[in-house]
Amino acid sequence: MSKTRITAEPGMPQIIISCEFDAPRDLVFRAHTDPDLLVQWLGPRDLTLTVERYETRDGGRWRYVHTDSAGISYGFHGVFHGDPSPDAIVQTFEFEGAPGHVKLDVTTLQQRGVSTLVRTVSVFPSVEDRDAMIASGMERGTHDSAERLAELLATLQAR
Amino acid sequence: MAADRLSLVFGALADPTRRAILTRLADGEATVAELAAPFAISQPAISKHLKVLEQAGLISRNRRATARLSRLQAEPLREVTSWLARYQRFWDESHERLDDLLAALQARQDGYPGPSQQAAAPTPPATARASETAEGNDE
């Protein structure tokens, strides 16, 4: 596997994420479209992913929820545009904590010899939407860290 | 970092001339005339760029004698880096997990092949990896 490369150019309402995996394209495609596989990898290990629906067809809806160790849930949903294929998985993506700020994700899988290059181009309605989405992820992390610190302090004081 | 401050920093970084100015200031403070020298634009235009950079907190300006010196303030750049770092971690960890999953699926006979792979040739790295693992376990 290659290093994950994230490109977020200043002033551009998009993010490009790419990574190359040592696996055939069809298998990488399955890992992206089979909900039983998706829950095994999407998101950090400390978040539990629950897929409520994942209708991988043109017009099909999807919704999943990430739950952190404190039991706080973050819901996401969207719609598939066109039948997903290794050539293109096109879907809208909306964080339920920021309704109306919908991004469009286009994921392409490209066979490169024995490995597969996965490239996702995310387009946001505005630069502000893009920046806010990334910033909200960071705030959540800061929040988590603060909670963990509070728990640690409580444990130390109890001793 | 507040989202509006982040917008200011990103807005300031969105211009190639301003990025070039920051690169120049990374070598040390400079006057408006010194900053304008490499560019085919006027000193007032450079001053406008400096104002945007100053509002974003990316530079500070002070006077020495009659010259007004600009100095790089790196802290907002560090904040931008950490802003992206968590997003980067999300995908780094997801992709590490995906990589593990793909290896496990390839090693497992019944987990693969999928329908469209049946006609295709077997994949050398999967075979190699599986046999390496098997040898490792035997020893």
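Please read all numbers here as calculations on a predicted model, not as lab measurements.

When you go through chain A residue by residue, the secondary structure sums to three helices and eight strands. Along chain A, helices and strands appear, N-terminal first, in the series β-β-α-α-β-β-β-β-β-β-α. The 159 residues of chain A split such that 44% are buried. Considering only intrachain contacts with a sequence separation of at least 6, the fraction spanning at least 24 residues in chain A is 37%.

This brings us to the environment of Asp4 of chain B. Relative to the helices and strands, Asp4 of chain B resides in helix α1 (residues 3-13). Counting along the chain gives 52 residues from Asp4 of chain B to Ala56 of chain B, while the straight-line C-alpha distance between them is 9.9 Å.

In terms of nonpolar packing, the biggest core is built from 38 residues, with Ile15, Trp41, Leu42 and Tyr64 of chain A together with Tyr87, Trp91 and Leu102 of chain B touching the most fellow members. Here this core takes eight residues from helix α5 (residues 75-107) of chain B, the largest share from any one element. Excluding residues within four positions of it along the chain, Leu102 of chain B makes contact with Phe21, Ala23, Leu27, Val28 and Ala31 of chain A. Of all hydrophobic cores here, the second largest spans 16 residues; its members include Ala12, Leu22, Leu25 and Ala56 of chain B.

Attention shifts here to the side chain of Thr31 of chain B. As for its placement among the helices and strands, Thr31 of chain B is situated in strand β1 (residues 30-31). Once residues within four sequence positions are removed from consideration, Thr31 of chain B is found in contact with Ala67, Arg68 and Leu69 of chain B.

All right, on to the environment of Glu94 of chain A then. Residue and element names in this part refer to chain A. Here Glu94 lies in strand β6 (residues 89-95). Assessed through its relative accessible area of 16%, Glu94 is described here as buried. Between the C-alpha atoms of Glu94 and Phe76, which are 18 residues apart in sequence, the distance is 5.6 Å. If near-sequence neighbours (up to four positions away) are discounted, Glu94 is found in contact with Gly75, Phe76, His77, Pro99, Gly100, His101 and Val102.

Okay, the confidence of the model for chain A next. Residues and elements named next belong to chain A. With 85% of its residues at a pLDDT of 70 or more, chain A has an overall mean of 84. Within chain A, helix α3 (residues 127-158) has the poorest average pLDDT of any element, 54, and strand β7 (residues 103-112) the best, 96. Overall, residues 138-159 carries pLDDT values under 50, and its contacts beyond four positions in sequence, including any with other chains, amount to 14 contacts.

All names here are of chain A. Two strands pair when backbone bridges link them, and strand β3 (residues 48-54) and strand β4 (residues 61-67) are joined in this way by six bridges, in the antiparallel orientation. Bridged to Tyr54 within β4 is Trp62. Between β3 and β4, which pair antiparallel in sequence order, lie six residues; one of them, Gly59, sits at a positive phi of approximately 85°.

Calculation criteria
- Residues numbered from 1 in each chain as written.
- Chains lettered and ligands numbered in written order.
- Predicted model: local features only at pLDDT ≥ 70, side-chain atom pairs only at ≥ 80, totals over all residues.
- Heavy atoms only, no water.
- Helix = DSSP H or I, 4+ residues; strand = E, 2+ residues; numbered from the N terminus.
- Buried < 20%, exposed > 50% of the residue type's maximum accessible area, 1.4 Å probe, protein only.
- Contact = heavy atoms within 4.5 Å.
- Core = buried A, V, L, I, M, F, W, Y, C linked by side-chain atoms within 4.5 Å.
- pLDDT = per-residue confidence, 0-100.
- Pairing = 2+ DSSP bridges.

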